[in-house]
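As a plain string of letters, each chain reads:
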Amino acid sequence: MRADRRSLAVALAFVLGACGASACGNEAGPAGVLVVDAFATPAESSAAIYLTVSSLSAQDAIVGASIVEDPGARVTLHVTRRSDGGMSTMVPVDRIDLPEGRSTLRPGDAHLMAEDLSEPFEIKRRVTLTVTFDRAPDVTVPVRVIDPADALDQLVEERP
Amino acid sequence: VALFSARDDGTLDSVEADLGLAGTVLNPSTSRPDFTLRTTEGEPYDFADETKGKLTLLFFGYTSCPDVCPIHLATLTGALERPGITDPIVVFVSIDPARDTPEGVRRYLDRWSADYIGLVGTPEELKAAQDAAGVAVAVTSGNPESDDYTVGHASQILAFTPDDRGHVVYPFGARRQDWVNDLPKLATIDWPDDAS
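Residues numbered from 1 in each chain as written. Chains lettered and ligands numbered in written order. Predicted model: local features only at pLDDT ≥ 70, side-chain atom pairs only at ≥ 80, totals over all residues. Heavy atoms only, no water.

Participant: Would you explain the pairing of strand β7 (residues 89–94) of chain B in this entry?
Facilitator: Moving residue by residue along a regular strand, the side chains alternate between the two faces of the sheet. All names here are of chain B. Burial analysis of β7 places 6 of its 6 residues in the buried class, which makes it a mostly covered element. Because side chains alternate across β7, one face comprises the buried residues I89, V91 and V93, and the other comprises V90, F92 and S94, equally buried. Of the strand pairs in this sheet, strand β6 (residues 56–61) and β7 are connected by 6 bridges, and their pairing is parallel. Counted as the bridge partner of T56 is I89 from β7. Where β7 and strand β8 (residues 117–120) come together, 3 bridges link them in parallel fashion. In the sheet register, V93 faces β8, and the bridge partner there is L119. Remark: the β7/helix α3 (residues 102–110)/β8 crossover connection has right-handed handedness. (Buried < 20%, exposed > 50% of the residue type's maximum accessible area, 1.4 Å probe, protein only. Helix = DSSP H or I, 4+ residues; strand = E, 2+ residues; numbered from the N terminus. Pairing = 2+ DSSP bridges. Right-handed = clockwise from strand over helix to strand, strands pointing away.)

Participant: Please clarify how the interface of chain A and chain B should be interpreted in this entry.
Facilitator: In many analyses, interface size is given as the accessible surface area lost on bringing the parts together. The partner chain B presents 27 residues to the 30 residues of chain A that form the contact. Of the roughly 2,300 Å² buried at the junction of chain A and chain B (both faces included), carbon and sulfur atoms supply 52%. Linking chain A to chain B there are 3 salt bridges. At the surface where chain A touches chain B, the tally comes to 8 residue pairs in polar contact (both at pLDDT 80 or more). For the side of chain A that touches chain B, the secondary-structure elements that each account for two or more residues are β3 (47–55), β5 (74–82), β6 (87–93) and β9 (110–115) of chain A. Counting residues per element, the side of chain A that touches chain B draws most heavily on β6 of chain A, at 5 residues. The class makeup of the residues in the side of chain A that touches chain B is 15 nonpolar, 9 polar and 6 charged. (Contact = heavy atoms within 4.5 Å. Buried area = accessible area lost by both parts, 1.4 Å probe. Salt bridge = Lys/Arg side-chain N within 4 Å of Asp/Glu carboxyl O. Polar contact = N/O pair within 3.5 Å; in protein donor to acceptor, adjacent residues only side chain to side chain. Nonpolar A, V, L, I, M, F, W, Y, C, P; charged D, E, K, R; others polar.)

Participant: Would you explain the layout of surface pockets in this entry?
Facilitator: Empty space among the atoms can be located by rolling a probe the size of a water molecule over them. Considering only enclosed or pocket space, the largest pocket measures out at about 910 Å³ in volume. S45 and S46 of chain A together with T63, S64 and R99 of chain B are, among the 37 residues lining the largest pocket, the residues nearest its centre. Residue assignment for the lining of the largest pocket shows that the elements contributing at least two residues are β3, β5, β6 and β9 of chain A together with α3 and β10 (150–154) of chain B. Among the elements that line the lining of the largest pocket, the one with the most residues is α3 of chain B, at 4 residues. For the lining of the largest pocket, a count of residues per class yields 16 nonpolar, 11 polar and 10 charged. (1 Å grid on protein atoms, 1.4 Å probe; cavity = no way out; pocket = protein on both sides within 12 Å on 5 of 7 lines; lining within 4 Å. Points joined across faces, edges and corners; volume = space filled by probe spheres on them.)

Participant: Could you clarify how one ought to interpret the state of the cysteines in this entry?
Facilitator: Disulfide: a covalent bond connecting the sulfur atoms of a pair of cysteines. Residue and element names in this part refer to chain B. Summed over the entire model, instances satisfying the criterion amount to 1 disulfide over all chains. With a sulfur-sulfur separation of 2.4 Å, C65 is cross-linked through a disulfide to C69. Every disulfide takes its handedness from the sign of the S-S torsion; for C65 and C69 that torsion is 95 degrees, giving right-handed. (Disulfide = S-S within 2.5 Å.)

Participant: I keep staring at the pattern of salt bridges and nothing clicks. Help me out?
Facilitator: Residue and element names in this part refer to chain A. In this structure the tally under the stated criterion is 14 salt bridges over all chains. For E69, the salt bridge goes to R126, with nearest N and O atoms at 3.8 Å. Residue E69 is located in the loop between β4 (61–67) and β5, and its partner R126 is located in the loop between β9 and β10 (127–133); the two are separated by 57 residues in the primary sequence. A residue is classified by how much of its surface remains accessible, and R126, at 66% relative accessible area, is exposed.

Participant: Would you explain the confidence of the model for chain A in this entry?
Facilitator: Looking at chain A as a whole, the pLDDT averages 82, with 79% of positions reaching at least 70. Ignoring residues within four places in sequence, the model shows residues 1–26 of chain A, a span with pLDDT below 50, making 35 contacts including any to other chains. (pLDDT = per-residue confidence, 0-100.)

Participant: Whenever I open this one, unusual backbone geometry confuses me. Can you help?
Facilitator: Negative phi values dominate among residues other than glycine, just as trans dominates among peptide bonds. Backbone torsion omega between N27 of chain B and P28 of chain B reads 10 degrees, so that peptide bond is classified as cis. With respect to the helices and strands, the residue P28 of chain B is situated in strand β3 (residues 24–31). One non-glycine residue, D116 of chain A, lies in positive phi territory at about 55 degrees. Within the secondary structure, D116 of chain A sits in the loop between β9 and β10.

Participant: What exactly am I supposed to notice about helix α5 (residues 176–188) of chain B here?
Facilitator: Within an α-helix, residues lying three or four positions from one another point in the same direction, as the helix has 3.6 residues per turn. Residue and element names in this part refer to chain B. Taking 1.5 Å per residue, 13 residues should reach 18 Å; α5 reaches 19 Å between its end C-alpha atoms and fits that length. At D182, α5 is deflected by roughly 30 degrees, the largest bend along its length, and proline P184 occurs up to four residues later in sequence. In this fold, the buried residues of α5 make contact with β6, α2 (68–80), β11 (157–160) and β12 (165–170). (Expected span 1.5 Å × (residues − 1). Bend = angle between axes of the 7 residues up to and from the residue.)

Participant: I tried to follow the side chain of T40 of chain B on my own but got confused; where do I start?
Facilitator: All names here are of chain B. Relative to the helices and strands, T40 resides in the loop between β4 (36–39) and β5 (44–46). Look at T40 and you get buried, because its relative accessible area is 10%. Side chain to side chain, T40 and E41 meet in a polar contact 3.0 Å long. Within the local environment of T40, its side chain forms a polar contact with the side chain of R106, the two groups lying 3.5 Å apart. The contact partners of T40, leaving out residues within four places of it in the chain, are P102, V105, R106 and G118.

Pasting the structure below:
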């Protein structure tokens, strides 16, 4: 299990923006986002997708995504907000801002939501996601479809 | 875990009692809520009566919830699949009557267990159930047929113990090991009197 995760984490797509590598003099600095991991839970028509990303710039954001195998599926951005009273509300957002460095779109927090799937997400089904950023170029990564009972165990950082 | 008991002068006396629970202990505890909804098979279900004296877990959610609900339920289910684990009654109340049919709720729960009880009701009945359980009443907004439909709901699982009190809740994020640790204790703890 752990070995699987490590080997997947090596299947990275790390892209430096054209500006970052050249002398285009963007004041915001280099743009580039590394998608360290992406996973989803099984779903019939609406699936939440979670990412761990590492961004070179605090000015970047996720602004969209699509599923390579299912171009008709709509992928929207959501944040699940929780109030003190335990109320949980999933709110659609235009962008998910990324801090510089590593961050996790985790269950119960920010996530991508794929809707109108032509085929259900099933465990071990191959799903490939293209993520669009505000500044960095698109990144295409495999998404692991996992048992939702294991979803919280995927988070290696502190508890949500 | 700090439990408190009332002194004669009305002030609270902290009683350190390490119950070793991963869940959030409530003080004061709540009573087992009294409400009646319908099961996914169409039968009336009097929650207080049907679950009286039994360890019960109560969760308010909806079937098209892709994030919190399936992970919370699946994590619990993962714990209940452990051999020898204490077996509670699990009750899922759909708070999205505009979209959730009884059949849909049944199918949804069967992904985890045919033993999970699914309840449905009218908006008024559901509000009464949530009020009785002391949770924030779920709100829906937008057109159920459209993309801007949003649902807000209480995301904690409420545990009611054999003394017919609610002593512990499990916010989203509870891990399988938390359940494995807590369920046997919930079934057997002799709860000290609380401030209520």
